[in-house]
Amino acid sequence: MNRSHVREVTLNGKTGKPSIARSFIGALNDERIITEKGGFLFKALATGDRLVLGVTPCFIDGERTYHYDTRLPGEDEFTLIGSVIPDGTFEIFFRPLSKELSPEDIRKYADSYVIFARFLLENGYSGHGRLDTVTVSMLREARLFHPAPEDLAGLASVDCSLDEQAPEGFQ
């Protein structure tokens, strides 16, 4: 697997090295925590070597949370929106401005998925990371990947445009 290329992470408004997401990834790996929280909602925006994440438990004090409660700095149509449920299944969607995706749009969306998956895996995510059927269908229909990966490991194994730009020895 190539590296995610992420050198800086903003998680819920705090910026630092990728290790700043260690507690979130640890919660994804802990069956007790992820079950107690009902899973997690997230938004992810990959911009070059920076990943901006907004993460919230699905339930806080018994109350349901919503994606629209989280607003990322720089959020745009390339922001991934999703959740991970207690069994470790991910749904990861995007909301393009147009039904017709240009080749550049396809590259940007595909890169976002790959960078996010690689980031989770290289920073300790140890679950199966299955993608739900709606996500896989969406990836297939949007022609982001050929064939559409069915889990995080499959996404992480796909090349992204940053791999071509990486300094020698960085990958």
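Our structure's up above, just so we're on the same page.
Anyway, here's the lowdown on the structure attached to this text. Sequence order as written defines the numbering, with residues in each chain counted from 1. Where totals are concerned, whole chains, interfaces and linings use all residues; where local detail is concerned, this predicted model gives features only for residues with pLDDT of at least 70, and gives and counts side-chain atom pairs only at 80 or more. Calculated side-chain values reflect all of the structure's heavy atoms, with hydrogen atoms and water omitted.

**Concerning the overall build of the protein chain**
Applied cut-off: Under the scheme used here, helices are H or I runs from DSSP no shorter than 4 residues and strands are E runs no shorter than 2 residues, and both carry numbers assigned from the N terminus. For this measure, only C-alpha atoms enter the radius of gyration; the expected value for a globule follows 2.2 Å times N^0.38, where N is the number of residues. Here the term buried applies to any residue with accessible area under 20% of the maximum for its type, exposed to any over 50%, and partly exposed to those in between, with areas from a 1.4 Å probe on protein chains only. Between two residues, a contact is recorded if the distance between any of their heavy atoms is within 4.5 Å. Residue burial considers only the protein chains on display, and all accessible areas are found by Shrake-Rupley using a 1.4 Å probe. His residues and chain termini do not enter the charge count, which takes Lys and Arg as positive and Asp and Glu as negative. Every charge is mapped onto a representative atom, which is NZ of Lys, CZ of Arg, CG of Asp or CD of Glu.
Along the protein chain, the regular secondary structure elements total six helices and eight strands. Whereas a compact globule of 171 residues would reach a radius of gyration of roughly 16 Å, the protein chain reaches 15 Å, a difference of no more than 12%. Dimensions of the protein chain, computed from C-alpha atoms along their principal axes, come out at roughly 45 × 35 × 30 Å. When burial is assessed residue by residue, the protein chain has 47% of its 171 residues classed as buried. In the protein chain, 63% of the contacts between residues at least 6 apart in sequence involve partners at least 24 apart. Surface exposure of the protein chain reaches about 9,100 Å², of which carbon and sulfur atoms provide 49%. Charged side chains of the protein chain number 19 positive and 26 negative; the gap between the two group centres comes to 3 Å.

**Some thoughts on the environment of alanine 153**
Locating alanine 153 in the fold gives a position in helix H5 (residues 152–156). Taking the relative accessible area as the measure of exposure, alanine 153 reaches 46% and is therefore partly exposed. For the pair formed by alanine 153 and leucine 121, sequence separation is 32 residues and the distance between their alpha carbons is 7.7 Å.

**Let's talk about unusual backbone geometry**
As a rule of thumb, non-glycine residues mostly have phi less than zero, and peptide bonds are mostly trans rather than cis. The residue after histidine 146, namely proline 147, is reached through a cis peptide bond having omega -10°. Note on placement: proline 147 falls in the loop between helix H4 (133–141) and H5. For histidine 5, which is not glycine, the phi dihedral falls at a positive 75°. You can see histidine 5 is positioned in the segment before strand S1 (8–11). Positive phi values are uncommon outside glycine, yet aspartate 61 reaches one of about 50°. Mapped onto the secondary structure, aspartate 61 falls in the loop between strand S5 (59–60) and strand S6 (63–64).

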